Amino acid sequence: MESTDYEDVVSAALEKHSNTEGGLLPILHEVQDALGYIPSDAVDIIGKSINRSRAEVHGVISFYHHFRNHKPGEHIIQVCRSEACQAMGANLVIENLKNKLEIDFHETTSDGKITLEPIYCLGHCACAPAVMVDGVPKAKISSDAMDGIVDELRVLKNDN
Amino acid sequence: MTTKIYIPRDSSAIGLGSDLVADQVSRVARSINQDVEIVRNGSRGLIWMEPLLEVETESGRTGFANVDTADVEDLVKSNFSETVMHAKSVGLVNEIPYLKNQERLCFARNGVTDPISIEDYIENGGFKGLSSALELDARSIVDIVTESGLRGRGGAAFPTGIKWNTVLNCQSDQKYIVCNADEGDSGTFSDRMTMEGDPFALIEGMTIAAFAVHATKGYLYLRSEYPHAEVIFNKALEVARDKGYLGENIRGGERSFDIELRRAAGAYICGEETSLLESLEGKRGLVRAKPPLPAISGLFGQPTVVNNVITFSSVPFILANGASAYKNYGMGRSTGTLPIQLAGNIKRGGLVEKAFGVTLNELLYDFGGGSASGRPIRTVQIGGPLGAYIPEKDFDLKLDYETFAAAGAMIGHGGIVVYDETVNMASMARFAMEFCALESCGKCTPCRIGSTRGMETIDKIISGENRFENAELIETLCDTMLHGSLCALGGMIPYPVMSAIKHFPEDFCLEPHATMVAA
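Analysis parameters
Residues numbered from 1 in each chain as written. Chains lettered and ligands numbered in written order. Predicted model: local features only at pLDDT ≥ 70, side-chain atom pairs only at ≥ 80, totals over all residues. Helix = DSSP H or I, 4+ residues; strand = E, 2+ residues; numbered from the N terminus. Rg over C-alpha atoms; globule rule 2.2 N^0.38 Å. Buried ≥ 20, exposed ≤ 12 C-beta atoms within 10 Å, placed from the backbone. Contact = placed C-beta atoms within 7 Å. Pairing = 2+ DSSP bridges. Axes fitted to C-alpha atoms, helices over the stretch in contact; angles between N-to-C directions. Left-handed = near helix turned anticlockwise from the far one by under 90°. Nonpolar A, V, L, I, M, F, W, Y, C, P; charged D, E, K, R; others polar. Domains from an automatic or database assignment. Core = buried A, V, L, I, M, F, W, Y, C linked by C-beta atoms within 7 Å. pLDDT = per-residue confidence, 0-100. Expected span 1.5 Å × (residues − 1). Arc of directions from axis to C-beta.

## Thoughts on the overall build of chain B
And step 1. Within chain B, the secondary structure is distributed over 22 helices and 16 strands.
And step 2. Computed over the C-alpha atoms, the radius of gyration of chain B is 24 Å, within 12% of the 24 Å expected from 2.2 N^0.38 for a compact globule of 519 residues.
And step 3. Dimensions along the principal axes, computed over C-alpha positions, put chain B at roughly 75 × 60 × 40 Å.
And step 4. Expressed as a percentage of its 519 residues, the buried residues of chain B come to 56%.
And step 5. A sequence separation of at least 24 residues applies to 72% of the contacts in chain B between residues at least 6 apart.

## Some words on the sheet that holds strand β12 (residues 337–344) of chain B
Residues and elements named next belong to chain B.
And step 1. Read across the sheet, five strands follow the order β13-β12-β16-β14-β15 without closing on themselves; strand pairing throughout is mixed. At either end of the open sheet lies a strand with only one pairing partner, and these are β13 (350–355) and β15 (389–391). Here the average twist between neighbouring strands, direction ignored, is 30°.
And step 2. Relative to β15, strand β14 (residues 377–382) runs antiparallel, the two sharing three bridges. Its bridge partner being in β15, V380 is matched across the sheet by I390.

## Quick word on the packing of helix α3 (residues 40–49) of chain A against helix α4 (residues 54–63) of chain A
Residues and elements named next belong to chain A.
And step 1. The N-to-C vectors of α3 and α4 enclose an angle of 115°; their axes lie 8 Å apart at closest approach. Two packed elements cross with a definite hand, and for α3 against α4 that hand is right-handed. Between α3, through V43, D44, I46 and G47, and α4, the contact on the second element is made entirely by R54, E56, V57 and H58.
And step 2. A breakdown of the residues in the contact of α3 with α4 according to their chemical character gives three nonpolar, two polar and three charged.

## Side note on the pairing of strand β3 (residues 53–57) of chain B
Residues and elements named next belong to chain B.
And step 1. Sheet analysis places strand β1 (residues 3–6) next to β3, joined by two bridges and oriented antiparallel. The residue of β3 that forms the bridge with Y6 is E54.
And step 2. In this structure, β3 lies alongside strand β4 (residues 60–64), joined through five bridges in antiparallel fashion. Bridge pairing links E54 to G63 in β4.
And step 3. Connecting β3 to the next strand, β4, in antiparallel fashion are two residues.

## Side note on the interface of chain A and chain B
As a measure of interface size, the accessible area lost when the parts come together is often cited.
And step 1. The interface of chain A with chain B comprises 35 residues on the first partner and 48 residues on the second.
And step 2. Of all the elements in the fold, those that place two or more residues in the side of chain A that touches chain B are α2 (24–35), α4, α5 (83–86) and β5 (136–138) of chain A.
And step 3. The element contributing the most residues to the side of chain A that touches chain B is α2(A), with four residues.
And step 4. Broken down by class, the residue content of the side of chain A that touches chain B amounts to 21 nonpolar, ten polar and four charged.

## Details of the domain arrangement of chain B
And step 1. Each assigned domain of chain B is listed with its residue range as follows: domain 1 (3–100), domain 2 (118–327), domain 3 (330–420) and domain 4 (425–518).
And step 2. At the junction of the two partners, domain 2 of chain B supplies nine residues and domain 4 of chain B supplies seven residues.

## As for the nonpolar core
In globular proteins that are soluble, nonpolar side chains generally tend to be buried together.
And step 1. Membership of the largest hydrophobic core comes to 212 residues, with the highest contact counts inside it found for B:C179 and B:A209.
And step 2. In contact with B:A209, other than residues within four places in its own chain, are B:W164, B:I177, B:V305, B:N307, B:F312 and B:V315.

## Topic: the confidence of the model for chain B
And step 1. In the predicted model, chain B carries a mean pLDDT of 96, and 98% of its residues have values of at least 70.
And step 2. For this predicted complex, the interface score ipTM comes out at 0.96, alongside a pTM of 0.96.

## Describing helix α11 (residues 227–242) of chain B
Residues and elements named next belong to chain B.
And step 1. Compared with an ideal rise of 1.5 Å per residue, which puts 16 residues at 22 Å, α11 spans 23 Å between its outermost C-alpha atoms and is within 8% of the ideal.
And step 2. For α11, every residue scored as buried is listed here: H228, A229, I232, F233, A236, L237 and A240. Viewed end-on, α11 has its buried residues packed into an arc of 160°, placing them on one side of the element. More than 90 degrees from the buried face of α11, the exposed residues found are E238 and D242.
And step 3. Structurally, α11 contributes buried residues whose contacts are with α1 (11–15), α5 (118–123), α9 (190–197), α10 (199–213), β7 (217–222) and β8 (258–263).

## What to know about the domain arrangement of chain A
And step 1. Along its sequence, chain A is organised into domain 1 (3–63) and domain 2 (75–155).
And step 2. Relative placement of domain 1 of chain A and domain 2 of chain A: their C-alpha centres are 29 Å apart.

## A few points about the environment of A:Y6
Residue and element names in this part refer to chain A.
And step 1. Looking at where Y6 falls in the secondary structure, it is placed in helix α1 (residues 6–16).
And step 2. For Y6, a count of 19 C-beta atoms within 10 Å corresponds to the partly exposed category.
And step 3. When the C-alpha positions of Y6 and L24 are compared, they lie 17 Å apart, and in sequence the two are 18 residues distant.
And step 4. Setting aside its immediate chain neighbours within four residues, Y6 contacts L35, P39, D41 and A42.

## As for the sheet that holds β3(B)
Residues and elements named next belong to chain B.
And step 1. Pairing is mixed in the open sheet, where five strands are placed in the order β2-β1-β3-β4-β5. Every other strand in the sheet has two partners, leaving β2 (36–39) and β5 (89–92) as the edge strands with one partner each. For this sheet the average axis-to-axis angle between neighbouring strands, irrespective of direction, equals 25°.
And step 2. In the sheet, β1 pairs with β2 via four bridges, with the strands oriented parallel. Note on β2: the bridge partner recorded for Y6 is V39.

## Digging into the environment of A:M88
And step 1. Its location among the elements puts A:M88 in the loop between α5 and α6 (90–101).
And step 2. Taking C-alpha positions, A:M88 is 41 Å from A:A13, a pair spaced 75 residues apart along the chain.
And step 3. Not counting residues up to four positions away in its chain, the partners in contact with A:M88 are A:A128, A:P129, B:G344, B:N345 and B:A372.

Here it is in structure tokens:
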């Protein structure tokens, strides 16, 4: 979606949740689901519409790890850092992945293809280590398997 | 003749390839004109066997474990012959000892049924608890739950009946039922499996709770890390509404109740009940001081029942079979069963529902089969990131809230993370502090500042800087966090840290040890 369309997305989200009690999180989810992040200009519009200050809305966005204030890459790899995954070698997988992508967590590759994010438990603790690639879970992942996934993503166009 | 087969849609199974297997099965079946009906069931919890493909036969459902897309052609063309696919055949699924030796009350249907088929749910004993509740007044429901001895399965183990009674006794026009589905503890996935594999059980449990306290509105606060659970649970809500199990005048009675799913946003602290309520109100998830209790002044200031997924999904059995049927399981004040999750470095990882009283040894070796790596198990962490590390010498501990508390440990949400001998406990202790720093809501100083200072101090110990002085400092800091924090995050992170130092001082080079001499 083009960035100029963000106003439509935001007004649709606001309209949908105009009667939702405590509806700020649902509004923010709608916006991020559509755009991949919450544009800084949207913060003002949302705040005015629900009668809360820009600071308050910003405070909510920044409190939660899930919300992004920057446009992510075409693909998002979320890697679990939690204990069960660590017990099965997640740290090594993460190190190799960072080296392969040449980025750290919360960064996007220079070609804009892949964003890498840490995540704290996907609930696949009995088949660790686990990652989620564009929302699809992958369990019992090895460094080799991860390399293969990255190679595939690099040639793949995300239709989402 | 149509062959009915089951391939799980549980997200761990998907992570291991079940979606690909299901696609491949229908493709191959179509290509040879074989009549196959695929049911996407939940998982049985035998995660180490996933994808576990089951086939309905005259003698019962037989299984094929760890099915790969490469196996599918032979499987389908042989019409799922156990002889042809001998290597992957596991025989009758209900006879697998891992499953047969469990006491499944909460998880009786998981993996058996199609999670979004309400007919399947009813055929397999669903809504019997609700039927009983429809005949009872609120007070009687609360009394039955109190009598059962059910305690909160989220971690705090507070008696559920007492909580419900407080809400029932409050006078208010609006009361709420809130289900805490922010299952953030590493090593736990029983909530996820319930929502993905048997969502109607949770809906039934929440509805009974609503009847018990005169609540009309419920929220499921679901973590954003569980997108598959969100899809399935939302679908189940639609079906339940459509069939009159939610909404106005439930089942033709006088009571009304509905549930809204709210997606969380990746903050571990929002699993703490007051922080969760703030988040539901559209705010930062800052912990509230207690009192007032959420039961008296909870969501939007109204009396609110906040319970975990497993607490609610334990309730239908109790209403259907009576308090004493539930109480017959368990030991001491830990009545009933606990869905235990075997995770991390374990050969047979998965879900084991057992009555309280089972020992760690039984779970880790009889069920779990030892470590996945084949190396000796060195320690387990129970109860998530805030749980103590338990050394091997204590593996004879019985799972019971009081026994664990006496040993300085906790059962929490029943997740057991297993580590083999390659684990470095100093780095696990550091991770505990790092995690606390990352997830602290920032409201109270011991947690907000203490976690960062703790991380720095453990770094100093690891690098050998004034090791013994810094170890003393950590102890004092942990004492401050333990007693001075507002909630369990800052208040319990000392458990993994101090238990790591206490049981594994050699990893911190705090005792004369080969590695220290070498250094």
